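Residues per chain are reported as follows:
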Amino acid sequence: MPRLRLKIATPKKLLYDGEADMVILRTSTGDMGILPGHHRVSAIMGYGALKIVDGENKSEVAVMGGLAQVSGDAVTVLSEVAEWPSEISLIRAEAALERARQRLAQKDSDVDMQRAELSLRRALVRIEVSSYPIIRPGK
Amino acid sequence: MASMRAIKRRIRSVAGTQQITKAMNLVAASKLQRAAAKLESARPFFRDFKILAENAISGTQSTSPYLKQRSGERLCVIVITGDRGLAGGYNVNVCKAAMALLDGKEGENVITVGVKGRDYFRRRRKRITRAYSGFSELPFYQDAQEIAMVALDLFDAGEVDEVHVAYTQFASTLSHIPTTQLLLPLKASTGSGLMEFEPGEEAFIEQLIPKHISTQVYGAMLESSACEQSARMAGMDSATKNSSDLISKLTLSYNRARQDAITQELTEIVSGANALD
């Protein structure tokens with residue numbers, strides 16, 4: 001049975017480089033489940049949790065946008081920001097959420113609104129993912 | 001033969017220089033470690049991004065302007081150098097590689113990163129679109145994003161046909177390769193079959209292009225920063241060795257001068273004593 005070869009990388013570091021049975025990508029248009037033998041596809045990633053199933057191990061990674069590609073059995077996810085649940089500080093995420101909500105309520109210039117919305121989305125993803133039990137896939 | 005005092009002064013000055021080069025060597029060594037570690041952790045990102053971009057382009061039938069070859073007469077070259085010298089041939093070599101690219105082209109736009117590159121192209125009266133400095137030692141992704149925006153604007157406005165980046169590739173501590181890479185228009189690798197795009201072909205390319213440029217520029221900056229430190233380390237190491245050689249040569253001639261002085265004094269005393277007799 002062929003397995004997926006998954007790579008998740010950010011400019012800061014390589015988060016995951018190994019095999020997996022199934023990957024669920026949160027693309028900009030919705031969740032996309034990838035199993036071995038998937039057709040070739042390139043996708044824009046949305047903000048959300050990327051799920052990795054590797055045998056008994058299940059894990060989640062918070063991915064904030066970026067691009068993904070499935071080619072053969074290789075799955076590549078490249079994002080400017082991606083974090084393991086263990087790297088997320090829930091306190092900071094909640095503070096950021098609060099700040100972003102306040103800024104959105106103020107309604108200032110357009111640029112500020114965009115930035116506030118993005119940080120709101122990031123905070124929401126972080127809060128969602130950080131509650132995930134830490135089961136790191138064994139290597 | 002130079003006077004003893006002059007030689008002594010010379011030795012002291014060379015020793016002073018040696019102390020500086022030795023210190024610079026140590027500083028560069030520790031900075032190299034940091035730069036190399038940063039490069040190592042980011043390499044998968046920009047290497048895989050290149051593969052992803054090429055795969056996507058070869059699987060598309062899009063007629064996006066980012067993929068279409070133009071005449072290639074007007075270039076934009078992003079040159080990545082250091083802010084400071086004393087790094088052997090590091091700065092000059094990458095500038096030369098960029099100059100070779102511009103040679104014979106009628107349109108030129110240079111975006112420089114680092115003071116040394118800016119000075120080099122200013123002296124040669126090239127059109128510098130933007131000059132960045134201050135971060136080439138430890139670049140951040142945001143810096144690359146800003147540079148990518150400038151280059152992309154030039155391309156979008158139709159002012160340039162091609163965007164290149166000139167940088168120094170960090171092959172190993174001893175081997176630095178000045179390299180140029182074509183960023184725009186994106187060239188497809190030989191096709192490996194069609195590909196689907198989510199949400200759509202054009203939307204994907206729209207997202208891909210700015211990220212592609214900033215990622216490759218970021219990678220180039222990291223490669224270059226590791227090269228700069230390692231070139232400086234090697235340069236300062238050989239400078240330190242040279243001053244050691246110089247000091248031993250000078251010490252030799254100092255000793256000779258001293259011996260000469262003693263001999264002469266003795267001769268004078270002896271001949272003086274003889275004259276009394």
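Each chain carries its own residue numbering, running from 1 in the direction its sequence is written. In the order they appear in the text, chains get letters beginning with A and ligands get numbers beginning with 1. For a predicted model such as this one, the threshold for reporting local features is a pLDDT of at least 70, and the threshold for listing and counting side-chain atom pairs is 80 or more; totals across whole chains, interfaces and linings nevertheless cover every residue.

A. Representation of the environment of Ile-262 of chain B. All names here are of chain B. Within the secondary structure layout, Ile-262 lies in helix H5 (residues 201–276). Here exposure depends only on C-beta density: within 10 Å of a residue's C-beta, 20 or more other C-beta atoms make it buried, 12 or fewer make it exposed, and intermediate numbers make it partly exposed, the C-beta atoms being placed from the backbone. By the C-beta count within 10 Å, which is 10 here, Ile-262 ends up exposed. When the C-alpha atoms of Ile-262 and Ser-214 are compared, they prove to be 70 Å apart, with 48 residues separating the residues in sequence. Strands are runs of DSSP state E lasting at least two residues, helices are runs of H or I lasting at least four, and both sets are numbered from the N terminus onward.

B. Summary view of the interface of chain B and chain A. In this description, a residue-residue contact is defined by the distance between C-beta atoms placed from the backbone, which must lie within 7 Å. Each partner contributes residues to the interface: chain B has 23 residues there, and chain A has 23 residues. Looking at the side of chain B that touches chain A, the elements with two or more residues in it are helix H1 (4–58), strand S6 (196–198) and H5 of chain B. Per element, the largest residue contribution to the side of chain B that touches chain A is nine residues, and it comes from H1 of chain B. Side-chain classes are defined by residue name, with Ala, Val, Leu, Ile, Met, Phe, Trp, Tyr, Cys and Pro counting as nonpolar, Asp, Glu, Lys and Arg as charged, and the others, Gly among them, as polar. Its residues placed into classes, the side of chain B that touches chain A shows 14 nonpolar, five polar and four charged.

C. Fine view of unusual backbone geometry. Residue and element names in this part refer to chain B. A cis amide bond links Leu-184 with the next residue in sequence, Pro-185, at an omega value of -10 degrees. Phi angles above zero are rare outside glycine, and Leu-86 is one such case at about 50 degrees. Mapped onto the elements of the fold, Leu-86 is located in the loop between strand S1 (74–80) and helix H2 (90–102). Residue Leu-86 is classed as partly exposed on the basis of its 16 C-beta neighbours within 10 Å.

D. Looking closely at the sheet that holds strand S1 (residues 4–9) of chain A. Read from one edge of the open sheet, six strands run S2(A)-S1(A)-S9(A)-S8(A)-S5(A)-S6(B), paired in mixed fashion. The open sheet has two edge strands, strand S2 (14–20) of chain A together with S6 of chain B, and neither has a second partner. Averaged over all pairs of adjacent strands, the angle between strand axes in this sheet comes to 10 degrees, irrespective of strand direction. By this definition, two strands are paired if DSSP reports at least two bridges between them. Pairing of strand S5 (residues 41–44) of chain A with S6 of chain B involves three bridges; the strand directions are parallel. Counterpart to Val-41 of chain A in the pairing with S6 of chain B is Glu-196 of chain B. Only the stretch in contact is used when a helix axis is fitted, and all axes are lines through C-alpha atoms; the angle between N-to-C directions ranges over 0 to 180 degrees. In the packing of H1 of chain B onto the sheet, contacts are made with S1, S2, S5, strand S8 (67–71) and strand S9 (74–78) of chain A, and the angle to S9 of chain A comes to roughly 115 degrees. Across the sheet, H5 of chain B touches S5 and S8 of chain A together with S6 of chain B, and the angle it forms with S5 of chain A is around 70 degrees.

E. Main features of the sheet that holds strand S10 (residues 81–83) of chain A. Residues and elements named next belong to chain A. Ordered in space as S4-S3-S6-S7-S10, the five strands form an open sheet in which the pairing is antiparallel. This sheet does not close on itself; its edge strands, each paired only once, are strand S4 (30–34) and S10. Going across the sheet, the axis of each strand differs from the next one's by a mean of 20 degrees, ignoring polarity.

F. Local environment of the packing of helix H4 (residues 141–156) of chain B against H5 of chain B. All names here are of chain B. With their axes 8 Å apart at the nearest point, H4 and H5 run at an angle of 125 degrees to one another. By the angle between their axes, H4 is oblique relative to H5. Crossing handedness for the pair H4 and H5: right-handed. Along the contact surface, H4 presents Tyr-141, Ala-144, Gln-145, Ile-147, Ala-148, Ala-151 and Leu-152, while H5 presents Pro-210, Ile-213, Ser-214, Val-217, Tyr-218 and Met-221. Here the angle decides the label: under 35 degrees means roughly parallel, over 145 means roughly antiparallel, 65 to 115 means roughly perpendicular, and every other value means oblique. When the near helix sits turned anticlockwise from the far one by under a right angle, the crossing is termed left-handed; a clockwise turn instead gives a right-handed crossing.

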